[in-house]
Amino acid sequence: MRTPIADAFGIEFPIFAFSHCRDVVAAITNAGGFGVLGAAAFLPEELEIELAWIDDHVGGKPYGVDVLMPASSMLDAGVELGGIAEQLTTMIPDGHRRFVDDFLARHDVPALPDGVEPAKRFLGLTHQGARSQLEIALAHPVSLVVNALGPPPADVVELVHGRGIKVGALVGSAAHAVKQIDNGVDVLVAQGTEAGGHTGEITSMVLIPEVVEAVHPAPVLAAGGIGTGRQVAAAMALGAQGVWTGSIWLTVRESDTPPALMEKLLAARSNETVRSRSWSGKPIRMLRTAWSEAWDGPDSPGALPAPLQAVLFEEAAQRILRSKAADLSGTPVGQIVGRMNAIRSARDVFFDLIDEYLKTVSELADLTDLDDGSGAR
């Protein structure tokens, strides 16, 4: 699986694995792929711990960090990181708070105990939060910094390039891809609507070749609906130089997915995801739950824009987790969830991708061999 992007990063296989779990990131990097740690869920001090651990467990092999730096901000200019939560909290309408409280009351989810505060992980959806995460990431030997929410600011691209690090970005259309290249991005992840997390509306089969043609010869990774070697081969046939995978690592043995949620993922079918704004305020493909259905229902006040919706969700999610309300638990995940039906090691999943890819490519080569034995074709 030698491709230009594999050579550029010095990896054996151009399979990029996005995960919020450091064990998964290290496992894939050590197997010859490229692990990418999702930073959005970590507070700055937590991210430092996670990256230091990865450094200690990959032996200098390459890995990356993914941040969520939005294209615009509703916060006052100059607000410090410590003041973000307070300012965002005051911007939540009372009607939306009542909607959440009524929803949780109907599902017998109690309030947080006195003295227990929401974890404020929504900070990663703000400019200040993402920049703090970026500052920490750049203090470690990362090889790629990826922005998943629009074009990274010009000064960020310049800063990352100044450290000799490549910049990546997720895109959901050819127009977005061209804009990213114009802004100095080095690697594009063409992410179809089948993918988990923040996605656009175009399917992978249509999106990948459109992006490849629009930005040639810039390297493109394919994302969305990729969980088997056959799908890896299809992505490469569409012009991608590698693949970006995420959902399939939620159910590996190294994952930190809570047991109750793990059971839901293993049992879920491909049609049990929904693209909803109920998580962050931007469209996210996630497991369909009573939470997502309530926000998309007729009585909903409508999801707030990011990151305000994430502020509401943060506290609700913490209350749900503490109450062990398994029927309400969910997670961003793609339609590939229908094939995620067993707990296996990340290494086994990774090498099954490689083996099936090679088998598929061989089968396709056989289809093009029309030699009838006489030498004629």
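Residues numbered from 1 in each chain as written. Predicted model: local features only at pLDDT ≥ 70, side-chain atom pairs only at ≥ 80, totals over all residues. Heavy atoms only, no water.

1. What to know about the overall build of the protein
Consideration 1: Along the protein, the regular secondary structure elements total 14 helices and 11 strands.
Consideration 2: A compact globule built from 377 residues should have a C-alpha radius of gyration of about 21 Å, and the protein, at 21 Å, falls within 12% of that.
Consideration 3: Each principal axis of the C-alpha distribution contributes one length, and for the protein these read about 80 × 45 × 40 Å.
Consideration 4: At a minimum sequence separation of 6, the contacts of the protein that also span at least 24 residues come to 67%.
Consideration 5: Counting only carbon and sulfur atoms, one obtains 52% of the accessible surface of the protein, whose full area is about 16,600 Å².
Consideration 6: Here the protein contributes 29 positive and 47 negative side-chain charges, whose respective centroids are spaced 3 Å apart. (Helix = DSSP H or I, 4+ residues; strand = E, 2+ residues; numbered from the N terminus. Rg over C-alpha atoms; globule rule 2.2 N^0.38 Å. Contact = heavy atoms within 4.5 Å. Areas by Shrake-Rupley, 256 points an atom, 1.4 Å probe, with all protein chains shown as cover. Lys, Arg positive; Asp, Glu negative; His and termini not counted. Charge placed at Lys NZ, Arg CZ, Asp CG, Glu CD.)

2. Let's talk about the packing of aromatic side chains
Consideration 1: In this structure the tally under the stated criterion is 12 aromatic pairs.
Consideration 2: Relative to Phe 16, the ring of Phe 9 has its centre 5.8 Å away and its plane inclined at 80 degrees; by these criteria the two rings are edge-to-face.
Consideration 3: Among the residues examined, Phe 9 registers a relative accessible area of 8% and is labelled buried.
Consideration 4: Take Phe 16: its relative accessible area is 0%, and that puts it in the buried class.
Consideration 5: On the basis of an interplanar angle of 75 degrees and a centroid distance of 5.6 Å, the ring pair of Phe 103 and Trp 291 is categorised as edge-to-face. (Phe/Tyr/Trp six-rings, centres within 6.5 Å; stacked < 30°, edge-to-face > 60°. Buried < 20%, exposed > 50% of the residue type's maximum accessible area, 1.4 Å probe, protein only.)

3. Examining the packing of helix H3 (residues 44-57) against helix H6 (residues 127-137)
Consideration 1: Where H3 meets H6, the closest approach of the two axes is 9 Å, and the angle between their N-to-C directions is 30 degrees. What the angle tells us is that H3 and H6 run roughly parallel. The element H3 and its partner H6 pack so that their crossing is right-handed. Counted together, Pro 44, Leu 47, Glu 48 and Leu 51 of H3 and Ser 132, Gln 133, Ile 136 and Ala 137 of H6 form the full contact between these two elements. (Axes fitted to C-alpha atoms, helices over the stretch in contact; angles between N-to-C directions. Parallel < 35°, antiparallel > 145°, perpendicular 65-115°, else oblique. Left-handed = near helix turned anticlockwise from the far one by under 90°.)

4. Overview of the packing of helix H5 (residues 94-106) against helix H13 (residues 308-323)
Consideration 1: Contact geometry of H5 with H13 gives a least axis separation of 11 Å together with a crossing angle of 15 degrees. Put simply, H5 runs roughly parallel to H13. Considering how the two elements wind past one another, H5 and H13 form a crossing that is right-handed. Between H5, through His 96, Arg 97, Val 100, Asp 101 and Leu 104, and H13, the contact on the second element is made entirely by Leu 312, Ala 316, Arg 319 and Ile 320.
Consideration 2: Residue composition of the contact of H5 with H13, grouped by class: 5 nonpolar, 1 polar and 3 charged. (Nonpolar A, V, L, I, M, F, W, Y, C, P; charged D, E, K, R; others polar.)

5. Some remarks on unusual backbone geometry
Consideration 1: Look at the link from His 216 to Pro 217: it is a cis peptide, with omega at 10 degrees.
Consideration 2: By secondary structure assignment, the location of Pro 217 is in the loop between helix H9 (204-215) and strand S8 (220-223).
Consideration 3: Note that the residue after Ala 306, namely Pro 307, is joined by a cis bond; omega there is 5 degrees.
Consideration 4: In this fold, Pro 307 is placed in the loop between helix H12 (290-295) and H13.
Consideration 5: Phi angles above zero are rare outside glycine, and Asp 108 is one such case at about 60 degrees.
Consideration 6: Exposure remark for Asp 108: the relative accessible area of 68% places this residue in the exposed category.

6. Points about the nonpolar core
Consideration 1: By size, the foremost hydrophobic cluster in this structure holds 73 residues, and its most contacted members are Leu 51, Val 211 and Trp 249.
Consideration 2: Ignoring anything within four residues of it in the chain, the contact list for Val 211 reads Val 171, Ser 173, Ala 174, Ala 177, Leu 188, Ala 190 and Val 220.
Consideration 3: Membership of the second largest hydrophobic core comes to 49 residues, among which are Ile 5, Leu 68, Leu 170 and Ala 310. (Core = buried A, V, L, I, M, F, W, Y, C linked by side-chain atoms within 4.5 Å.)

7. Overview of the sheet that holds strand S4 (residues 144-147)
Consideration 1: The strand order around the closed barrel built from 8 strands is S1-S2-S3-S4-S5-S6-S8-S9, with neighbouring strands paired in parallel fashion. The average angle at which neighbouring strand axes cross in this sheet is 25 degrees, direction not considered. (Pairing = 2+ DSSP bridges.)

8. Things to note about the sheet that holds strand S11 (residues 284-287)
Strand pairs in the sheet, formed through backbone hydrogen bonds, run parallel or antiparallel to each other.
Consideration 1: Taken in spatial order, the 3 strands line up as S7-S11-S10 in an open sheet, and their pairing is antiparallel. Across the chains shown, the open sheet's two edge strands, defined by having one partner strand only, are strand S7 (197-198) and strand S10 (273-276).
Consideration 2: Across 4 bridges, the pairing between S10 and S11 is antiparallel. Looking at the pairing, Arg 275 lines up with Arg 285 of S11.

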